[in-house]
Amino acid sequence: MKVAIVGFGTAGGGRLSGYRSVPGVEVAAIVEPAAERRRAAAEQLPHGRVMASLDELLAEGGVDVVDVCTPPAYHVPVAHRALTAGCHVICEKPVAVSLADAQELIATARSHERLLYPSHNYGTSPMMRLLRQAVDAGIGRLESARFQILRDRHARGVHGFRPDWRRSRELAGGGILLDHGTHCVYMALRLFGELPAKISCTVGRPVGSPDAVDEEAAVRMDFGSAVCDIELSWRAGLRANHYSVTGTEGFLRIDDDRVTAEGPDGPQVLDLASPSRDQTHLDWFPPMFADFRQTLADPGRWHVPADEIAGTARVIETAYRSAAVGGAPLALVGDDTRPGVHTVSPV
Ligand SMILES: NC(=O)C1=CN([C@@H]2O[C@H](COP(=O)(O)OP(=O)(O)OC[C@H]3O[C@@H](n4cnc5c(N)ncnc54)[C@H](OP(=O)(O)O)[C@@H]3O)[C@@H](O)[C@H]2O)C=CC1
Ligand SMILES: O=C1CO[C@H](CO)[C@@H](O)[C@@H]1O
């Protein structure tokens, strides 16, 4: 399988290392507009093609998969061109900065019979594995989940582009809710196995800067008989990650690398290897790529990643709308667009 990486920043560089650890894949090309980053790419991929433009890559052909690692604003245009040129696409998060864009891209993938797969790598993190185990067989019926992601600032991009692009509405599409919130939302959708009925959200921006992107967000996903609370901050003055799930018969709590649980086997405390220490999370990539491969081999399952992209975009768009009206709970926006699923209006 031949892959092209588009965008050779932090994520693109991590991806090149990640592909080296999976057999049967060759990174055949890297597309990167910045000369400084192209030099870095050429050093790390001496036998591959390194080029400045996506058009050049698509005209030359010879790749099966385009892996989009640019800042968010370019995800949809780059992915759209790759899909229409006949490539499968893996795309960094957030796949799209709006629900409409996400739905349009999903429709493009469907009409061109190509797989659109999100780089939702927290889905194959050790935190997610433990939470899933607890929910599947340990804590009884899931009643609540709580995710808290605290940072003293936003992650910085590479030198040579704009290290602060995460605070640019134009490039990032939003702030921490879209950046790290995306990971929390798809993790919640996987754990609860359904879409929430209602969302409420408040966001914090720098004082006196109403146009700045959100630097803090508090989201409640209401699933009817259970809730998920997500708290995110770029101004917490520390770096910490907490995840917990509570059920009718126990709980599991992850505080960075420490896990505390209570369930049918009594209380447990253990260490978690590889929590979330850097930005690229290399060891989470092989299992995510294995899932990509399995999904690719079974077109009957291509709707699964598409549903997750759309569901995540619906939650985040509803959350921003709730924040715009002072945090009022709102019904989930958007329709269920899965093939064969029809929204029935209540009579
Ligand atoms: N899933 C995860 O764990 C992580 C995901 N990410 C995601 O990866 C994406 C990139 O973030 P990150 O790597 O940190 O950002 P960086 O700023 O480190 O890198 C972005 C790179 O993309 C290039 N680029 C910008 N526009 C284009 C374009 N139109 N075509 C091709 N290349 C382009 C930039 O080069 P140039 O100067 O030429 O524009 C730069 O080299 C984001 O969506 C982010 O959310 C990032 C880190 C971890
Ligand atoms: O996806 C990523 C991993 O998490 C970081 C922040 O916590 C993000 O900024 C980055 O884009």
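- Per an unreviewed UniProt entry, the chain goes by 1,5-anhydro-D-fructose reductase and derives from Streptomyces platensis.

Re the sheet that holds strand β8 (residues 198–204)
Turning to step 1, where the next piece is worked out: Pairing within the open sheet is mixed, and its nine strands lie in the order β14-β13-β12-β11-β7-β10-β9-β8-β15. Across the chains shown, the open sheet's two edge strands, defined by having one partner strand only, are β14 (266–271) and β15 (330–331).
Turning to step 2, where the next piece is worked out: Its contacts with the sheet place helix α11 (residues 303–324) against β8, β9 (216–222) and β15, and it is angled at close to 60 degrees to β8.

Considering the UniProt feature "domain: Gfo/Idh/MocA-like oxidoreductase N-terminal" (unreviewed entry) in the chain
Turning to step 1, where the next piece is worked out: The UniProt record marks residues 1–118 with the feature "domain: Gfo/Idh/MocA-like oxidoreductase N-terminal" (unreviewed entry), using the residue numbering of this structure.
Turning to step 2, where the next piece is worked out: Secondary structure across residues 1–118 comprises 43% helix and 21% strand; the distance between its end C-alpha atoms is 18 Å.

Some details on the domain arrangement of the chain
Turning to step 1, where the next piece is worked out: Once the domains are mapped, the chain shows domain 1 (2–117) and domain 2 (122–331).
Turning to step 2, where the next piece is worked out: Taken together, the contact between domain 1 and domain 2 spans 35 residues of the former and 35 residues of the latter.
Turning to step 3, where the next piece is worked out: Buried surface at the junction of domain 1 and domain 2, both sides included, amounts to about 3,100 Å², of which 76% is carbon and sulfur.
Turning to step 4, where the next piece is worked out: Linking domain 1 with domain 2 are one salt bridge.
Turning to step 5, where the next piece is worked out: For the side of domain 1 that touches domain 2, the element with the most residues is helix α1 (residues 10–20), which contributes six residues.
Turning to step 6, where the next piece is worked out: Each residue belonging to the side of domain 1 that touches domain 2 can be placed in one class, and the counts come to 20 nonpolar, nine polar and six charged.

What to know about the packing of helix α9 (residues 181–192) against α11
The angle between the axes and the distance between the axes are what describe a pair of packed helices.
Turning to step 1, where the next piece is worked out: Two numbers describe how α9 lies on α11: the axes approach to 9 Å, and their chain directions differ by 115 degrees. The chirality of how α9 crosses α11 is right-handed. Packed against α9, whose contacting residues are Gly 181, Thr 182, Val 185, Tyr 186, Leu 189 and Arg 190, the element α11 presents Glu 308, Gly 311, Thr 312, Val 315 and Ile 316 at the interface.
Turning to step 2, where the next piece is worked out: In terms of residue class, the contact of α9 with α11 is built from five nonpolar, four polar and two charged.

Overview of the pairing of strand β7 (residues 142–150)
The two faces of the sheet receive side chains in turn, since in a regular strand these alternate between them.
Turning to step 1, where the next piece is worked out: As paired strands, β7 and strand β11 (residues 240–247) are joined by eight bridges and run antiparallel to one another. For Phe 147, the partnering residue across the bridge sits in β11 and is Tyr 243.
Turning to step 2, where the next piece is worked out: For β7 and strand β10 (residues 227–233), the ladder comprises seven bridges, and the chain directions are parallel. When the bridges of β10 are listed, Ala 145 appears paired with Cys 228.

Quick look at the side chain of Glu 215
Turning to step 1, where the next piece is worked out: By secondary structure assignment, the location of Glu 215 is in the loop between β8 and β9.
Turning to step 2, where the next piece is worked out: For Glu 215, a relative accessible area of 14% corresponds to the buried category.
Turning to step 3, where the next piece is worked out: Here Glu 215 is in contact with Arg 167, Ile 176, Gly 204, Pro 206, Leu 232, Ser 233, Trp 234 and Arg 235, once residues within four sequence places are set aside.

Cut-offs and rules
- Residues numbered from 1 in each chain as written.
- Chains lettered and ligands numbered in written order.
- Predicted model: local features only at pLDDT ≥ 70, side-chain atom pairs only at ≥ 80, totals over all residues.
- Heavy atoms only, no water.
- Pairing = 2+ DSSP bridges.
- Helix = DSSP H or I, 4+ residues; strand = E, 2+ residues; numbered from the N terminus.
- Contact = heavy atoms within 4.5 Å.
- Axes fitted to C-alpha atoms, helices over the stretch in contact; angles between N-to-C directions.
- UniProt positions renumbered as here; feature names shortened; annotations may be inferred.
- Domains from an automatic or database assignment.
- Buried area = accessible area lost by both parts, 1.4 Å probe.
- Salt bridge = Lys/Arg side-chain N within 4 Å of Asp/Glu carboxyl O.
- Nonpolar A, V, L, I, M, F, W, Y, C, P; charged D, E, K, R; others polar.
- Left-handed = near helix turned anticlockwise from the far one by under 90°.
- Buried < 20%, exposed > 50% of the residue type's maximum accessible area, 1.4 Å probe, protein only.

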